[in-house]
Amino acid sequence: AEVSTQSTGISSLPLIISDCSRLTRRPARTDICKVCEELPEHLLECDEVLDLSEYNKSDKDAYHYGCSKMGGESISEIEMTRVVCKSLDPFTCWYDQDSESIPNDNKTGLIKQEWIQNRYFLSEFKKPCVRYTGHYFQSTLIYSILLGFLGVDRFCLGWTGIGVGKMLTVGGLGIWWVIDIILLITGNLTPNDKSNWENLY
């Protein structure tokens, strides 16, 4: 352990800083030192959720984490997944090289030695399989109502091919225009990149 002094208005008190990475045994949950995967999220540097929605079933099964589909209109439809993390400070926790949170599957390139070298592990907590790319439902609905006959709503959502067709037919002579407004309101017209709507707050 390292000892340092912390100056206060009254006196200088010794502050003991433990180097948890040098422990020779796995610490208990009640110990001062923690296993890296037990640290709270604000002390970790974690990747975004892994999108496996474009993979075939056998490739999805090869992974021990990741999202088989992204997004959803309700909480019950949204998948949850663990993510790849590492501690912000390697001295604050004990890294368990034999933990089940370190995948070892060469089919997916998750070579255990590389994970150990970089001190990566899978988080204990799970994150929702959603991502945000700047699409707002309210503004898209306004575009759809006012400029939907030109396909502006489809262009904004990334449906470029359909947008061109909608523009050339002037919103399908109005029919396509109305249908897209209904699809948007009922949640059946969403961004092409499978991202979720941004929140206004």
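Owing to the predicted nature of the structure, the values given are computational and were not obtained by experimental measurement.

### Thoughts on the packing of helix H3 (residues 137-147) against helix H7 (residues 175-185)
Here's step 1: One way to put it is that H3 packs onto H7 with a least axis distance of 9 Å and a crossing angle of 165 degrees. The orientation of H3 relative to H7 falls into the category roughly antiparallel. Considering the relative orientation of H3 and H7, their crossing is left-handed. In this structure, H3 uses Phe137, Thr140, Leu141, Ser144, Ile145 and Leu146 to contact H7, whose residues at the interface are Trp177, Asp180, Ile181, Leu184 and Ile185.
Here's step 2: Residue composition of the contact of H3 with H7, grouped by class: 8 nonpolar, 2 polar and 1 charged.

### Considering the pairing of strand E6 (residues 84-87)
Here's step 1: As defined by bridge partners, strand E4 (residues 44-46) adjoins E6 across 3 bridges and the pair is classed as antiparallel. When the bridges of E6 are listed, Glu45 appears paired with Lys86.
Here's step 2: Pairing of E6 with strand E8 (residues 121-122) involves 2 bridges; the strand directions are antiparallel. Considered in E8, the bridge of Val84 is made with Leu122.

Rules used throughout
Residues numbered from 1 in each chain as written. Predicted model: local features only at pLDDT ≥ 70, side-chain atom pairs only at ≥ 80, totals over all residues. Heavy atoms only, no water. Axes fitted to C-alpha atoms, helices over the stretch in contact; angles between N-to-C directions. Helix = DSSP H or I, 4+ residues; strand = E, 2+ residues; numbered from the N terminus. Parallel < 35°, antiparallel > 145°, perpendicular 65-115°, else oblique. Left-handed = near helix turned anticlockwise from the far one by under 90°. Contact = heavy atoms within 4.5 Å. Nonpolar A, V, L, I, M, F, W, Y, C, P; charged D, E, K, R; others polar. Pairing = 2+ DSSP bridges.

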